[in-house]
Amino acid sequence: MPISPTLHFEAASTLAVVVSSHEPLLFLSDDLKIIAASASFCRAFEIDPASVPGRRFSELGDGEWAMPKLESLLMATASGSVNIQAYELELKRLNQKTRQLVVNAQTLDDGDINHIRLLVAVTDVTDARAEARLKDDLIRDKAILLQEVQHRVANSLQIIASVLMQSARRVQSEEARGHLHNAHHRVMSIAALQRQLSTSPGGSVELRTYFKQLCQSLGASMIADPERLSIQVTADNSAVEADVSVSLGLIVTELVINALKHAFPDERSGTILVDYQSSGKDWTLSITDDGIGMPAGSDAPKAGLGTGIVEALVKNLGGEINLSDAGPGTIVKISHQESAGSQTSFSNAA
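The text that follows walks through the structure, step by step, so that each part is easy to find.

Parameters at a glance
- Residues numbered from 1 in each chain as written.
- Predicted model: local features only at pLDDT ≥ 70, side-chain atom pairs only at ≥ 80, totals over all residues.
- Heavy atoms only, no water.
- Helix = DSSP H or I, 4+ residues; strand = E, 2+ residues; numbered from the N terminus.
- Buried < 20%, exposed > 50% of the residue type's maximum accessible area, 1.4 Å probe, protein only.
- Contact = heavy atoms within 4.5 Å.
- Polar contact = N/O pair within 3.5 Å; in protein donor to acceptor, adjacent residues only side chain to side chain.
- Axes fitted to C-alpha atoms, helices over the stretch in contact; angles between N-to-C directions.
- Left-handed = near helix turned anticlockwise from the far one by under 90°.
- Nonpolar A, V, L, I, M, F, W, Y, C, P; charged D, E, K, R; others polar.
- Expected span 1.5 Å × (residues − 1).
- Pairing = 2+ DSSP bridges.
- Salt bridge = Lys/Arg side-chain N within 4 Å of Asp/Glu carboxyl O.
- Phe/Tyr/Trp six-rings, centres within 6.5 Å; stacked < 30°, edge-to-face > 60°.

Remarks on the environment of Arg 93
Part 1 of the reasoning: For Arg 93, the position within the fold is in the loop between strand E3 (84–91) and strand E4 (99–108).
Part 2 of the reasoning: The class of Arg 93 is buried, set by a relative accessible area of 12%.
Part 3 of the reasoning: Expressed as a C-alpha distance, the spacing of Arg 93 and Gly 61, which sit 32 residues apart in the sequence, is 9.2 Å.
Part 4 of the reasoning: The residues contacting Arg 93, other than those within four sequence positions of it, are Phe 45, Glu 46, Glu 64 and Arg 99.
Part 5 of the reasoning: Of the polar contacts made by the side chain of Arg 93, one reaches the backbone oxygen of Phe 45; its length is 3.1 Å.

Some thoughts on the packing of helix H6 (residues 207–222) against helix H7 (residues 242–262)
Part 1 of the reasoning: The geometry of H6 relative to H7 is characterised by a closest axis approach of 11 Å and an angle of 35 degrees between their N-to-C directions. Regarding H6 and H7, the two cross each other, and that crossing is right-handed. Between H6 and H7, the contacting residues are Leu 207, Tyr 210, Phe 211, Leu 214, Cys 215, Leu 218 and Met 222 on the first element and Ser 245, Leu 248, Gly 249, Val 252, Thr 253, Val 256, Ile 257 and Leu 260 on the second.
Part 2 of the reasoning: Of the residues belonging to the contact of H6 with H7, the class tally is twelve nonpolar, three polar and no charged.

Looking at H7
Residue pairs spaced three or four apart in an α-helix point in one direction, given the helix's 3.6 residues per turn.
Part 1 of the reasoning: The terminal C-alpha atoms of H7 lie 30 Å apart, and with 21 residues this matches the ideal 30 Å at 1.5 Å per residue to within 8%.
Part 2 of the reasoning: Counting buried positions along H7 gives 15 out of 21 residues, so the element sits mostly inside the fold.

Some remarks on the sheet that holds strand E10 (residues 282–289)
Part 1 of the reasoning: The strand order E7-E9-E10-E12-E11 describes an open sheet built from five strands, whose pairing is mixed. Each of the sheet's edge strands pairs with one partner strand only, and the pair in question is strand E7 (229–235) and strand E11 (320–325). Taking the axes of each pair of neighbouring strands and ignoring which way they run, one obtains an average angle of 10 degrees across the sheet.
Part 2 of the reasoning: Bridge count for E10 against strand E12 (residues 330–336) is seven bridges, and the pairing is antiparallel. By the bridge assignment, Trp 283 is partnered in E12 with His 336.
Part 3 of the reasoning: Here H6 sits on the sheet in contact with E7, strand E9 (270–279) and E10, set at roughly 170 degrees to E7.

Thoughts on the pattern of salt bridges
Part 1 of the reasoning: Enumeration over the complete set of coordinates arrives at seven salt bridges.
Part 2 of the reasoning: Where Glu 46 meets Arg 93, a salt bridge forms, and the shortest distance between an N and an O atom there is 3.8 Å. Of this pair, Glu 46 sits in the loop between helix H2 (39–44) and helix H3 (68–78) while Arg 93 is found in the loop between E3 and E4, placing the two residues 47 residues apart along the sequence.
Part 3 of the reasoning: A salt bridge links Glu 71 to Arg 56, with the nearest nitrogen and oxygen atoms 3.0 Å apart. Highlighted residues: Glu 71 in helix H3 and Arg 56 in the loop between H2 and H3, separated in sequence by 15 residues.
Part 4 of the reasoning: With relative accessibility at 23%, the residue Glu 71 sits in the partly exposed group.

A word on unusual backbone geometry
Where the residue is not glycine, phi is negative for most of them; where a peptide bond is considered, it is trans in most cases.
Part 1 of the reasoning: Looking along the chain, the bond that leaves Gly 327 and enters Pro 328 is cis, with omega of 5 degrees.
Part 2 of the reasoning: Mapped onto the fold, Pro 328 is located in the loop between E11 and E12.
Part 3 of the reasoning: Non-glycine residue Leu 32 carries a positive phi angle of around 65 degrees.
Part 4 of the reasoning: As for its placement among the helices and strands, Leu 32 is situated in the loop between strand E1 (25–29) and strand E2 (34–37).

Observations regarding the environment of Ile 287
Part 1 of the reasoning: Within the secondary structure, Ile 287 is located in strand E10.
Part 2 of the reasoning: By relative accessible area, which is 3% here, Ile 287 ends up buried.
Part 3 of the reasoning: Along the chain, Ile 287 and Val 332 lie 45 residues apart, while their C-alpha atoms are 5.3 Å from each other.
Part 4 of the reasoning: For Ile 287, the residues in contact, after removing those within four places along its chain, are Leu 255, Ile 272, Leu 273, Val 274, Thr 330, Ile 331 and Val 332.

Quick word on the pairing of E11
Part 1 of the reasoning: Looking at chain direction, E11 and E12 are connected through six bridges and run antiparallel. Across the sheet, residue Asp 325 finds its bridge partner in E12, namely Thr 330.
Part 2 of the reasoning: Hairpin connection between E11 and E12: a loop of four residues separates the two successive antiparallel strands, and Gly 327 in this loop has a positive phi of roughly 50 degrees.

Quick look at the sheet that holds E4
Part 1 of the reasoning: Here we have five strands laid out as an open sheet, ordered E2-E1-E5-E4-E3, and antiparallel in their pairing. Only two strands of the sheet have a single partner each, and these edge strands are E2 and E3. Taking each pair of neighbouring strands and ignoring which way they run, the sheet shows an average axis angle of 25 degrees.
Part 2 of the reasoning: Strand direction decides the pairing type here: E3 and E4, joined by six bridges, are antiparallel. Each bridged residue has a counterpart across the sheet, and for Ile 84 the counterpart in E4 is Ala 105.
Part 3 of the reasoning: Contacts from H3 reach E1, E3, E4 and strand E5 (117–124), with the element oriented near 160 degrees to E3.

Focus: the packing of aromatic side chains
Part 1 of the reasoning: Enumeration over the complete set of coordinates arrives at seven aromatic pairs.
Part 2 of the reasoning: A centroid spacing of 6.3 Å and a plane angle of 65 degrees characterise the contact between Phe 211 and Tyr 276, whose relative ring orientation is edge-to-face. Highlighted residues: Phe 211 in helix H6 and Tyr 276 in strand E9, separated in sequence by 65 residues.
Part 3 of the reasoning: Residue Tyr 276 is classed as buried on the basis of its relative accessible area, which comes to 2%.
Part 4 of the reasoning: Taken together, the ring pairs connect Phe 41, Phe 45, Phe 57 and Trp 65 into an aromatic cluster.

Structure, rendered in structure tokens:
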């Protein structure tokens, strides 16, 4: 059957588009012989344009395009079984660096229904892949460096805490000893945070684990008889940014210390409960004890350094403090609501 002038024109048009394309393109017959190659393909892969037409795909260049798997995929595409979409391969040439290529291929209707044609697009992604690897390497190196810094900070905090405890044992003044003990507990609070950060992804801190580690540390250093006093933690699965966790950890430290000092005099037994719950951006942190309750009048202790620390931290978080009778004991509740203002005064001393 003679081919109409229209079909000749469509085939010639396709050929012209391929040859003049700015993208590396190949126009192949169904037996993988090259009908045409774009000038950009020949430039990109250093192939003489005059040597291309009529050669098989696998004979391009010095034979570096003889890739059995790719050839099999191209044959399958020509038969209509598959389309090659973003097939990535390595092009290896003698005395040249290996290049990363992405190949796409599909059958093309150029007007000649008696012959299948393939349009093959080849994209060089060598530089893009190298940049991606470099970025991944930098991210990995940064993560390793950050983890190392966190470990060093945690170790330094442990050393500082040990020095504070040794100093507390040597001083004669009860007041000075108390201040050193308080400083030790605050340092240990940050050390617990550093340990949690070192195992947390993305710089966020899972609060339940952090609070448990923190309270275990406080209990180990302040509770002589675990049968008499205990600290329990209940919390949801909330995770917060590191700077927020610092503030929350210091608040918990101050309020737990406060309860251990004042709620259980005369060898009284009891429990301190630390609880954290959140809903969206709203959250509530509460520290409850079942001790003697809130002293009133002249028996009420004066506000100390711990009180000032807690008030400042809560204000910074945009929260509100509420102190109430737990019957028995005391509950200190810090709540944060997006639409609410902050109030940061309470009477019990830390």
